[in-house]
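Residue-level structural notes
What follows is the residue order along each chain.
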Amino acid sequence: MVAPETVLAFWLDECSPADWYKSDPALDAKIRDRFAATWQEASEGALSLWLTYPSGTLAYIILTDQFPRNMFRDSDKAFATDGIARAAAKMAIERKWDMKIDEPARQFFYLPLMHAENLCDQDRAVRLIHARMPEHGANNRDHACAHRAVIRDFGRFPYRNDVLGRKTTPAEQAFLDAGGYGAAIRAQQNAAE
């Protein structure tokens, strides 16, 4: 079994912040090779001991929220463990465990909320990033606000529709045709200037 420290060493030390948000088939394959079995354990309800302390919970959130987006890119499985990641994040935030983790790693406690198709979670993500990420929060704030704007407009992320088998509405198609999330983040950055 992979230890929480192994997840953190890989994601926070071996990978750079630039790796966290780019599409890289080689990195996706590396994560899949090293962590798919551990992700499967978490998806089946194992690894609850990881949720008993701050760094273990951080590793659990990275494993269940970030890694599936790499391992299962362009598949519905990319979102399969969002619910358990979000529950872990909310528990940790309630206990203020996020504040025991230095920036920029602290952001991973807030990303499950930003990934939620729920406006209340989106609002909370924006507030937390603003209040609890004083050093590294500016870029995250723009992304959090852009995610929230998409959920405010559509109640879901239209760019997930195809992989989740959802019908795209005409308004969602117009959004996608106009640049989708890329256009949303540019609009947020322009509004912030």
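Refer to the structure presented above.
The rules behind these values
All residue numbers refer to positions counted from 1 along the written sequence of the respective chain. Local features in this predicted model are restricted to residues of pLDDT 70 or higher, and side-chain atom pairs are both shown and tallied only at a pLDDT of 80 or more, whereas totals for entire chains, interfaces and linings draw on every residue. Remark: hydrogens and water are excluded; side-chain values derive from all non-hydrogen atoms of the structure. Note on conventions: DSSP H or I runs of at least 4 residues are helices, E runs of at least 2 residues are strands, and numbering of each starts at the N terminus. Multiplying 1.5 Å by the helix residue count minus one yields the expected span of that helix. Remark: exposure states derive from per-residue accessible area (1.4 Å probe, protein chains only) relative to the maximum for the residue type, with buried under 20%, exposed over 50%, and partly exposed in between. Contact definition: two residues touch when any of their heavy atoms are within 4.5 Å. Side-chain atoms within 4.5 Å link the members of a nonpolar core, which is a set of buried Ala, Val, Leu, Ile, Met, Phe, Trp, Tyr and Cys residues. Think of a salt bridge as a Lys or Arg side-chain nitrogen and an Asp or Glu carboxyl oxygen that are within 4 Å of each other. Only the stretch in contact is used when fitting a helix axis, every axis being a line fitted to C-alpha atoms; angles between N-to-C directions are given from 0 to 180 degrees. Angle categories: roughly parallel below 35 degrees, roughly antiparallel above 145, roughly perpendicular from 65 to 115, and oblique for all the rest. By definition, turning the near helix anticlockwise from the far helix through less than a right angle yields a left-handed crossing, and turning it clockwise yields a right-handed one. Nonpolar residues are Ala, Val, Leu, Ile, Met, Phe, Trp, Tyr, Cys and Pro. Charged residues are Asp, Glu, Lys and Arg, and all others, Gly as well, are polar. Centres within 6.5 Å make a pair out of two Phe, Tyr or Trp rings, where for Trp the six-membered ring is used; the pair is then stacked when the planes are under 30 degrees apart, edge-to-face when over 60, and tilted otherwise.

**Section: helix 8 (residues 137-154)**
Here helix 8 contains 18 residues, and its C-alpha end-to-end distance of 25 Å stays within 8% of the 26 Å for a straight helix at 1.5 Å per residue. Within helix 8, burial applies to Gly-137, Asn-140, Asp-142, Ala-144, Cys-145, Ala-146, His-147, Arg-148, Val-150 and Ile-151. Of the surrounding secondary structure, the elements contacted by the buried residues of helix 8 are helix 6 (111-114), helix 7 (119-132), helix 10 (170-177) and helix 11 (180-192). Two residues or fewer past helix 8, Gly-155 is found with a positive phi of approximately 75°.

**Structural notes on the nonpolar core**
If you look at the biggest cluster of nonpolar residues, it comprises 45 residues, and the most contacted ones within it are Trp-11 and Phe-67. Residue assignment for this core shows that the elements contributing at least two residues are helix 1 (4-14), helix 3 (25-43), helix 4 (54-71), helix 5 (82-94), helix 6, helix 7 and helix 8. In terms of residue count, helix 4 provides more of this core than any other element does, eight residues in total. Excluding residues within four positions of it along the chain, Phe-67 makes contact with Val-7, Phe-10, Trp-11, Ile-31, Phe-35 and Ile-62.

**Observations concerning the pattern of salt bridges**
Within this structure, the stated rule accounts for 12 salt bridges. Put simply, Glu-103 and Arg-106 hold a salt bridge, and the shortest N to O gap is 3.6 Å. Take Glu-103: its relative accessible area is 13%, and that puts it in the buried class. Under the relative-accessibility criterion, Arg-106 is labelled buried at 9%. A salt bridge links Asp-123 to Arg-148, with the nearest nitrogen and oxygen atoms 3.5 Å apart.

**Remarks on the packing of helix 4 against helix 5**
In the contact formed by helix 4 and helix 5, the axes pass within 9 Å of each other and the chain directions differ by 150°. Classified by the angle between their axes, helix 4 and helix 5 sit roughly antiparallel to one another. By crossing handedness, the relation of helix 4 to helix 5 is classed as left-handed. Touching Thr-57, Tyr-60, Ile-61, Thr-64, Asp-65 and Arg-69 of helix 4 are Asp-82, Ile-84, Ala-85, Ala-88, Ala-89, Met-91 and Ala-92, all from helix 5. Across the contact of helix 4 with helix 5, the residue classes break down as eight nonpolar, two polar and three charged.

**Concerning the packing of aromatic side chains**
Within a pair of aromatic rings, the relevant descriptors are the distance that separates the centres and the angle that separates the planes. Counted under the stated rule, the structure contains 12 aromatic pairs. Ring geometry for Trp-11 versus Trp-20: centroids 6.3 Å apart, planes at 25°, classification stacked. Aromatic pair Tyr-159 and Phe-175: ring centres 6.5 Å apart, planes at 35°, arrangement tilted. Of this pair, Tyr-159 sits in the loop between helix 8 and helix 9 (161-164) while Phe-175 is found in helix 10, placing the two residues 16 residues apart along the sequence. Tyr-159 gets classed as partly exposed once you look at its relative accessible area, which sits at 34%. Assessed through its relative accessible area of 16%, Phe-175 is described here as buried. One aromatic cluster is present, formed by Phe-10, Trp-11, Trp-20, Phe-35, Phe-67 and Phe-108 through successive ring pairs.

**What about the environment of Asn-118?**
Along the polypeptide, Asn-118 turns up in the loop between helix 6 and helix 7. A relative accessible area of 34% means that Asn-118 is categorised as partly exposed. Distance in space between the C-alpha atoms of Asn-118 and Arg-148 is 8.7 Å, their sequence separation being 30 residues.

**Quick notes on the environment of Ile-93**
Looking at the secondary structure, you find Ile-93 in helix 5. The class for Ile-93 is buried, based on a relative accessible area of 4%. Every residue in contact with Ile-93, bar those within four places of it in the chain, is listed here: Asp-98, Phe-109, Tyr-110, Leu-113, Arg-124, Leu-128 and Arg-132.

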